[in-house]
Amino acid sequence: MNQTFLVGIFFNSLVSMSVAVVAFLFTIFLFRRWNRLDITRRAYTWFWFFTMLVWIMVAIRYFFISIGYAGLGIYIGDIAIEGAIFFTGPPLLYYLSLRLFKQKWVASILSILSTILAFIALYFVLLPEGISEIRITDFSADVSINFVSLGIFASQIILIIGLILYDIWTYLFRRETNNINDSLYQFLYSIPLLIYVGLGAIDQSKIIIDWPLVVFRILYASSFLFAYLIILEEDLQNEQYFLESNTTI
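A quick note: this is a predicted structure, and the numbers were derived from the prediction, not measured.

Trainee: Go over the overall build of the chain, please, and point to the residues and values.
Mentor: Secondary structure assignment for the chain yields eight helices and two strands. Shown N-terminal to C-terminal, the secondary structure of the chain runs as helices and strands in the order α-α-α-α-α-β-β-α-α-α. The buried share among the 249 residues of the chain stands at 45%. Taking the intrachain contacts of the chain between residues at least 6 apart in sequence as the baseline, contacts between residues at least 24 apart amount to 76%. Summed over its atoms, the accessible surface of the chain is roughly 13100 Å², and 70% of this surface lies on carbon and sulfur atoms.

Trainee: Describe the environment of F216, naming the residues involved and giving the relevant values.
Mentor: Residue position: F216 is located in helix α8 (residues 211-248). Residue F216 is classed as buried on the basis of its relative accessible area of 9%. Along the backbone, F216 and I202 are 14 residues apart, and their C-alpha atoms lie at a distance of 9.6 Å. If we ignore the near neighbours within four places in the chain, the residues touching F216 are L199, I202, D203 and I208.

Trainee: Can you lay out the nonpolar core for me, pointing to particular residues and giving the numbers?
Mentor: Within soluble globular proteins, side chains that are nonpolar tend to cluster in buried spots. Counting 62 residues, the largest nonpolar core has W48, F86 and L193 as its most contacted members. Of all elements in the fold, only α1 (7-31), α2 (39-66), α3 (72-86), α4 (89-101), α5 (104-126), α6 (147-174), α7 (180-205) and α8 reach the threshold of two or more residues within this core. The element contributing the most residues to this core is α2, with 10 residues. Residues in contact with W48, not counting those within four places in the same chain, are F26, T27, L30, P192, L193, Y196, S223, F224 and A227.

Trainee: Could you give an account of a nonpolar patch on the surface, naming the residues involved and the relevant values?
Mentor: On the surface, F5, V7, M17, V21, F24, L25, I28, I60, F63, F64 and I67 cluster together into a nonpolar patch covering about 950 Å² of accessible area. Listing elements by their share of the nonpolar patch, those giving two or more residues are α1 and α2. Among the elements that take part in the nonpolar patch, α1 stands out by supplying six residues, more than any other. Position of I67 among the secondary structure elements: in the loop between α2 and α3.

Trainee: Tell me about the packing of aromatic side chains, and please be specific about residues and values.
Mentor: Inspection of every chain in the model, using the stated rule, returns 26 aromatic pairs. Aromatic pair F31 and W34: ring centres 5.4 Å apart, planes at 20°, arrangement stacked. Seen from their ring centres, Y44 and Y95 are 4.9 Å apart, and the 55° between their planes marks the pair as tilted. Remark: Y95 occurs in helix α4 and Y44 occurs in helix α2; sequence separation between them is 51 residues. Y95 matches Y44 in its accessibility class, with the two residues each being buried. Aromatic rings pair up to connect F26, F29, Y44, F47, W48, W55, Y95, Y196, Y220, F224 and Y228 into one cluster. If you follow R61 out to its NZ or CZ, it ends over the ring of Y62, 5.5 Å from the centre.

Trainee: Let's hear about the pattern of salt bridges: which residues, and what values?
Mentor: Summed over all chains, the structure comprises seven salt bridges. A salt bridge links D38 to R41, with the nearest nitrogen and oxygen atoms 3.2 Å apart. Residue D203 pairs with K206 through a salt bridge whose shortest N-O separation is 3.9 Å. Summarising the burial analysis for this pair, D203 and K206 share the class buried. A single salt-bridge network, built from bridges that share partners, covers D142, D203, K206 and R217.

Trainee: Now, about unusual backbone geometry: what can you tell me, with residues and values included?
Mentor: The residue K102 is not glycine, and still its phi comes out positive at about 60°. Within the secondary structure, K102 is located in the loop between α4 and α5. With a relative accessible area of 60%, K102 lands in the exposed category. The backbone of E129 sits at a positive phi, close to 65°, despite the residue not being glycine. Of note, E129 is situated in the loop between α5 and β1 (135-136). Note on E129: relative accessible area 76%, which makes it exposed.

Trainee: I'd love a proper account of the side chain of K206, names of residues and values included.
Mentor: Relative to the assigned elements, K206 resides in the loop between α7 and α8. For K206, a relative accessible area of 12% gives the class buried.

Trainee: Can you tell me about the packing of α2 against α4, naming the residues and giving the values?
Mentor: Two elements in contact, α2 and α4, have axes whose closest approach is 8 Å; the angle formed by their N-to-C orientations is 155°. Considering their axes alone, α2 and α4 lie roughly antiparallel with respect to each other. The handedness of the crossing between α2 and α4 is left-handed. Mapping the contact onto sequence places I39, T40, A43, Y44, W46, F47 and F50 in α2 and P91, L92, Y94, Y95, L98 and R99 in α4.

Procedures and definitions
Residues numbered from 1 in each chain as written. Predicted model: local features only at pLDDT ≥ 70, side-chain atom pairs only at ≥ 80, totals over all residues. Heavy atoms only, no water. Helix = DSSP H or I, 4+ residues; strand = E, 2+ residues; numbered from the N terminus. Buried < 20%, exposed > 50% of the residue type's maximum accessible area, 1.4 Å probe, protein only. Contact = heavy atoms within 4.5 Å. Areas by Shrake-Rupley, 256 points an atom, 1.4 Å probe, with all protein chains shown as cover. Core = buried A, V, L, I, M, F, W, Y, C linked by side-chain atoms within 4.5 Å. Patch = residues over 30% accessible without salt bridge, like charges linked within 9 Å, V, L, I, M, F, W, Y side chains within 5 Å. Salt bridge = Lys/Arg side-chain N within 4 Å of Asp/Glu carboxyl O. Phe/Tyr/Trp six-rings, centres within 6.5 Å; stacked < 30°, edge-to-face > 60°. Lys NZ or Arg CZ within 6 Å of the ring centre and 35° of its normal. Axes fitted to C-alpha atoms, helices over the stretch in contact; angles between N-to-C directions. Parallel < 35°, antiparallel > 145°, perpendicular 65-115°, else oblique. Left-handed = near helix turned anticlockwise from the far one by under 90°.

Put into structure tokens, the structure is as follows:
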């Protein structure tokens, strides 16, 4: 047991915990509306649930590293974190494909395929040298995954970003004027996803380390807050429409 207290790593754990708290509150906010959500938005909720798990585990991992712990628990935590990252793919692909193609069978196929790929990626992570040794700097203590798992992750990220951009393009150039409010909120739902997935792709590539990583990870909270504000505003608009409809009856 190394008794050295790593101040920069501890600060990173505090930043990660702040993101985890925001993610936790946002997930609770979504699940409290579960009965009011359609199947598409429930998939959206499950995506944010898995991201919440990622950040809770990242914060705990960084805390233990900051106080000098370097035992088996860190390795197990790394496996769990990577697994949670891989399994954000199925609900997100289900949500995007259902929104874009309006066919449950298409969404189910893509989600099942993503799940299979997630298990394959996790399998390669579990192999010897599936995860690199921890690279500790003043503010970061991250690992890199093997090329096979990274390739699977990257391929899904490319597909997901492509679907998100297509969703945005659909709103900008093909939106229906008779349903402009619903189209607007569907468009806004995609913006925090694009922000989060883009940040996650850069983070997983490990091209940013040390103190810039701390600043970079603060941006994650913006995607949760943005999504929260969008859903809150949509609820307020729906309630206002309901009240106005009852007034006119």
